[in-house]
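Read off the chains here:
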Amino acid sequence: MPFFAYKARNARGELVEGVLESVDSSGVATQLFNTGITPIQIDATSKPGGDSESWWAKLTEEKVMPIDVQLFSRQLYTLLKSGVPIMRGLAGLQESAINKAFAKLIQDLRESLDSGRELSAALRRHPNVFSSFYVSMVKVGEMTGQLEHIFLRLYAHLEFERDMHERVKTALRYPMFVMAAMVIAMAVINIFVIPAFAKVFAGFNAELPLMTRILIATSNFAIEYWPLILVTLIAATAGFRMFIATENGKFVWDRAKLRFPIVGRIILKGTLARFARSFALSSKSGVPIVQALNVVSQTVDNSYIASRIDQMRDGVERGESILRTASVAGVFTPVVLQMIAVGEETGAIDDLMDEIAGMYEHEVEYELKTLSANIEPILIVGLGVLVLILALGIFLPIWDLGKVALRK
C-alpha cells in the first residue's frame, strides 16, 4: 500500500505530522479521525519517513538510548496490566517522552498500529533500537496473550544487560586511564624530551649506547613521518572495522576475544549468562525449545558462541537431548552441564537456566571486582619496562659525560 504524509491538529490544537500507510488519502483521514486528530493536509509520498531531514538535523538529532527502551518496557507493562488500551497508552508515552527521538519512534509505532500492523511488526521497523530478541519476545506475547508479562520480563532482561555493561565500564576505567597516560607520556618524550637530549649528546662526538641510538632513531622517525604514522593508524583501524563487519571477520574476532588473558573468561561468562537468562525467559514464555535456541542465538552478541548455540538447536531438532548438545558445544563448565541434566530430568529446564544465569552473573561480578587487581601487575611491569628503557637510553650517556668531557 502507498504511504501518505499528513499534517493535522490534535485535540489541543497542536500541529502533528507523520506518515501513514493506506489504500488512499480517505483511508488516512479515517484513521486520523478515529484517533481524535483532525487532518489539515494529506499528500502521497514515496518514502515511509516522509519529508527527508537535513543532514545537520540527522547529525545533531538526539539518539535513542537503551535506558529509553528499558523504561518503555516497564511503562507498557504497567499500562497493559491496568487495562489501558495500547493506542491510548502509546499516545500518553509519546506526550511524556523526554527524548524527542524516542517520541518520534513512538509516533511511528502508533501510525503502524493504525495501519493494521501488529506491535511486533511495528517494532521490527526499528532494528537499531529493538533487537531481534526483543521483537521475537513481543511476538510470543501477542501469540500467547501474555504481552504485559513479556514486557515485565524484557524490562528485567534489559536491566541485567545495562548492569553488566556498567560494571564492565567501571572495571576498565582505571586500566584505560593508565594506558592512555602511558601513550601520552611516550608521545611527549619522543617529541620533546629525546630531541633535546639528542642535541646535547651530539655536541660530544662520542659513541652512544645502543638503547640511546634506538630512542633517538625512534624519535626522529616519529617526528619526521608522523603524517604517515597517523594515516597508517587510521587505515589500520578502518581496515579492522571493515574486517569485523564481515560475517567471517566477526566470527574470527569474537572467537579471539574469548582467548584474551584475564578479559577472555569474563567475556565468556558474561555471554553465557546472557544466553542462560534469555533462554529461561523464552522458555517461561512458552516458546518451544528449538525456536527459543534460534531466538537466543541472536542475543548473545558473539558469533562464535552463537554458532555453538545453533549447533545445539540443530542437535535438538535431530532428537538429541539438550545435555548432549551442550556437551558437544564445548563452552559450558561441568557444573553447568550437571544442572542442565537435572533440569531435563525434572522438566524444570527454565528454572535451572535461571540458576545457571545467576551463577555466571555472580562469577562475572567477582571477576570484574578483581579485574583491576589482576591488571595492575601487568601495568606495573609495563611502566617498569618504560622507565628502564628511558633510564638506559637517556641517563646512561649522562653518567659518561664526565669521561667524554675529560677526553676533550
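Predicted, not measured: the structure shown is a model, and the values here were computed from it. (Residues numbered from 1 in each chain as written. Predicted model: local features only at pLDDT ≥ 70, side-chain atom pairs only at ≥ 80, totals over all residues. Heavy atoms only, no water.)

J.: How would you summarise the overall build of the chain if you had to cite specific residues and measurements?
T.: Helix and strand counts for the chain come out as 19 helices and three strands. The C-alpha radius of gyration of the chain comes to 30 Å, more than 25% above the 22 Å expected for a compact globule of 408 residues. The C-alpha extent of the chain, read off along each of the three principal axes, is 100 × 60 × 35 Å. Residue burial in the chain is summarised as follows: out of 408 residues, 39% are buried. Pairs at least 24 apart in sequence give 60% of the contacts found in the chain among residues at least 6 apart. Total accessible area computed for the chain in this model is approximately 23200 Å², and 62% of it derives from carbon and sulfur atoms. A distance of 7 Å separates the average location of the 41 positive side-chain charges in the chain from that of its 42 negative side-chain charges. (Helix = DSSP H or I, 4+ residues; strand = E, 2+ residues; numbered from the N terminus. Rg over C-alpha atoms; globule rule 2.2 N^0.38 Å. Buried < 20%, exposed > 50% of the residue type's maximum accessible area, 1.4 Å probe, protein only. Contact = heavy atoms within 4.5 Å. Areas by Shrake-Rupley, 256 points an atom, 1.4 Å probe, with all protein chains shown as cover. Lys, Arg positive; Asp, Glu negative; His and termini not counted. Charge placed at Lys NZ, Arg CZ, Asp CG, Glu CD.)

J.: Could you give me a rundown of helix H3 (residues 66-81), with the residues and numbers involved?
T.: One turn of an α-helix holds 3.6 residues; hence residues three or four places apart share an orientation. Helix length check: H3 (16 residues) gives 23 Å between terminal C-alpha atoms against 22 Å at 1.5 Å per residue, within 8%. Just downstream of H3 lies glycine 83, where phi reads positive at about 85°. (Expected span 1.5 Å × (residues − 1).)

J.: Run through the nonpolar core, naming residues and quoting values.
T.: With 47 residues, the main nonpolar core has Phe275, Phe279, Phe332 and Met353 as its most contacted residues. Elements with a contribution of two residues or more to this core: helix H8 (147-202), helix H12 (263-284), helix H13 (289-296), helix H14 (303-317), helix H15 (322-329), helix H16 (334-346), helix H17 (349-369) and helix H18 (371-399). When residues of this core are assigned to their parent elements, the largest contribution, eight residues, is made by H17. Ignoring anything within four residues of it in the chain, the contact list for phenylalanine 279 reads Ile289, Ala292, Leu293, Val296, Ile322, Ile349 and Met353. (Core = buried A, V, L, I, M, F, W, Y, C linked by side-chain atoms within 4.5 Å.)

J.: How would you sum up the packing of helix H7 (residues 132-144) against H8? Please name residues and give values.
T.: Two elements in contact, H7 and H8, have axes separated by 8 Å at closest approach and are oriented at 155°. Classed by the angle they form, the pair H7 and H8 counts as roughly antiparallel. For the pair H7 and H8, the sense of crossing is right-handed. Contacts between H7 and H8 involve Phe133, Tyr134, Met137, Val138, Gly141 and Glu142 from the former and Leu147, Ile150, Phe151, Leu154, His157 and Leu158 from the latter. Classifying every residue of the contact of H7 with H8 by side-chain character gives nine nonpolar, two polar and one charged. (Axes fitted to C-alpha atoms, helices over the stretch in contact; angles between N-to-C directions. Parallel < 35°, antiparallel > 145°, perpendicular 65-115°, else oblique. Left-handed = near helix turned anticlockwise from the far one by under 90°. Nonpolar A, V, L, I, M, F, W, Y, C, P; charged D, E, K, R; others polar.)

J.: Tell me about the environment of threonine 346, and name the residues and values.
T.: Secondary-structure assignment places threonine 346 in helix H16. Expressed as a C-alpha distance, the spacing of threonine 346 and glutamate 361, which sit 15 residues apart in the sequence, is 24 Å. Side-chain polar atoms of threonine 346 contact the backbone oxygen of valine 342, separated by 2.8 Å. (Polar contact = N/O pair within 3.5 Å; in protein donor to acceptor, adjacent residues only side chain to side chain.)

J.: Break down the packing of H8 against helix H9 (residues 210-224) for me, citing the residues and quoting the values.
T.: Where H8 meets H9, the axes come as close as 9 Å, and the angle between the chain directions of the two elements is 125°. Judged by the inter-axis angle, H8 sits oblique to H9. Crossing of H8 over H9 shows left-handed handedness. Of the residues in H9, those touching H8 at Asn190, Ile191, Ile194, Pro195, Ala198 and Phe201 are Thr212, Leu215, Ile216, Thr218, Ser219 and Ile223. Partitioning the contact of H8 with H9 into residue classes produces eight nonpolar, four polar and no charged.

J.: Just give me the short version of unusual backbone geometry, but keep the residues and values in it.
T.: Even without glycine at this site, isoleucine 262 takes up a positive phi of about 70°. Tracing the backbone through its elements, the reader meets isoleucine 262 in the loop between helix H11 (247-257) and H12. Residue class for isoleucine 262 comes out buried when judged on its relative accessible area of 17%.

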